[in-house]
Amino acid sequence: MLYCGCGSEDGLSLWSEFLNNKQRTIHKWKHYFPAYEAHFSRYVNRPMLFLEIGCGRGGSAQMWKRYLGPHAQIVGLDINPECKKFEEDQIAIRIGSQADTVFLQSVLDEFGTPDVVLDDGSHQMAHVVETFRFLYSKTAKDGVYMVEDLHTAYWDEYGGGVGREGTFIELCKGLVDELNADWSREKLPPTEFTRSTLSMHFYDSIVAFERGRHLEKKDVRVSGRQTLIKGLLK
Ligand SMILES: C[S@@+](CC[C@H](N)C(=O)[O-])C[C@H]1O[C@@H](n2cnc3c(N)ncnc32)[C@H](O)[C@@H]1O
């Protein structure tokens, strides 16, 4: 269910965690919280690996730990060596650039497959695209990949611009077609992305991908006592 967290009865448990924060500084936009709750609440109190790119002042990793509960392993990645001091029980920090795929692979080798990837790193379009190209297919088959602060996709200093080639938003526009490749009448060959992506969600400044085994496509018509099931429409 979208826009409803299940970590508390009012569906605002993450927002409460944020507002009541007495630990390290967290830097988040208020309007991101419904999206966080919508995509992350199913992991609350479960064993899972949460990979956050960009540690800032250390508060967000602590917030994910409090929200997700005692079975979550949080791994924060940052280019700034100072962030190493944010390590504590359930929170590991590794230092390197999100654009360095050797570094990213070393993190996967050490911690395994992430259930959630949240990209809140440099917000440079080249980095966001490179990270996604490397990590998306390596995220859990039923996992979530979320990129935030995508207003930078429209800002020159981040390699952005409206309709500018190479931005993450432009990449996503193409991925919408890739998600629907089966319906392109052979004009677009289905890809690994087609087969491993259940849905794409566009919010103000956020794109979230829900991964999952592709659902069987059956055209089902029910009328009276008859149920007609057809295969893929061409
Ligand atoms: C917006 S802050 C993260 C804020 C934090 N997630 C929070 O919510 O409080 C962005 C972080 O990304 C880090 N960063 C910048 N360039 C990076 C890169 N190429 N690879 C990894 N981290 C990077 C910065 O050092 C900074 O700590």
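Analysis parameters
Residues numbered from 1 in each chain as written. Predicted model: local features only at pLDDT ≥ 70, side-chain atom pairs only at ≥ 80, totals over all residues. pLDDT = per-residue confidence, 0-100. Contact = placed C-beta atoms within 7 Å. Helix = DSSP H or I, 4+ residues; strand = E, 2+ residues; numbered from the N terminus. Near = placed C-beta within 6 Å. Nonpolar A, V, L, I, M, F, W, Y, C, P; charged D, E, K, R; others polar. Pairing = 2+ DSSP bridges. Axes fitted to C-alpha atoms, helices over the stretch in contact; angles between N-to-C directions.

Asker: What should I look at first to understand the confidence of the model for the protein chain in this one?
Answerer: Detailed conclusions should not be drawn from predicted coordinates in areas where pLDDT is low. Looking at the protein chain, the pLDDT average stands at 91 and 91% of residues meet or exceed 70. Below a pLDDT of 50 lies the segment residues 1-7, which in the model reaches 18 contacts outside its immediate sequence neighbourhood of four places, other chains included.

Asker: Explanation requested: unusual backbone geometry in the structure shown.
Answerer: A negative phi holds for most residues other than glycine; trans holds for most peptide bonds. The residue Q90 is not glycine, and still its phi comes out positive at about 75°. Mapped onto the fold, Q90 is located in the loop between β2 (72-78) and β3 (91-95). A positive phi angle, near 65°, is found at H123, a position not held by glycine. Within the secondary structure, H123 is located in the loop between β4 (116-119) and α5 (125-135).

Asker: I tried to follow the site of the ligand on my own but got confused; where do I start?
Answerer: Neighbouring the ligand are 21 residues; G54, G56, S60, Q98 and S122 lie closest to it. Taken together, the elements giving at least two residues each to the shell around the ligand come down to β1 (48-53), α3 (59-68) and β2. A per-class count over the shell around the ligand returns six nonpolar, eleven polar and four charged.

Asker: Explanation requested: the sheet that holds β3 in the structure shown.
Answerer: Here seven strands make up an open sheet; going across it, the order is β3-β2-β1-β4-β5-β7-β6 and the pairing mixed. In the strand order of this sheet, the two ends are held by β3 and β6 (197-203), each with one partner. Here the average twist between neighbouring strands, direction ignored, is 15°. Bridge count for β1 against β4 is four bridges, and the pairing is parallel. For I53, the partnering residue across the bridge sits in β4 and is D119. Where helix α4 (residues 101-111) meets the sheet, its contacts fall on β1, β2 and β3, and the angle it forms with β2 comes to roughly 160°. Packing against the sheet, helix α6 (residues 168-179) makes contact with β5 (144-147), β6 and β7 (206-211), and its axis sits at approximately 140° to β6.

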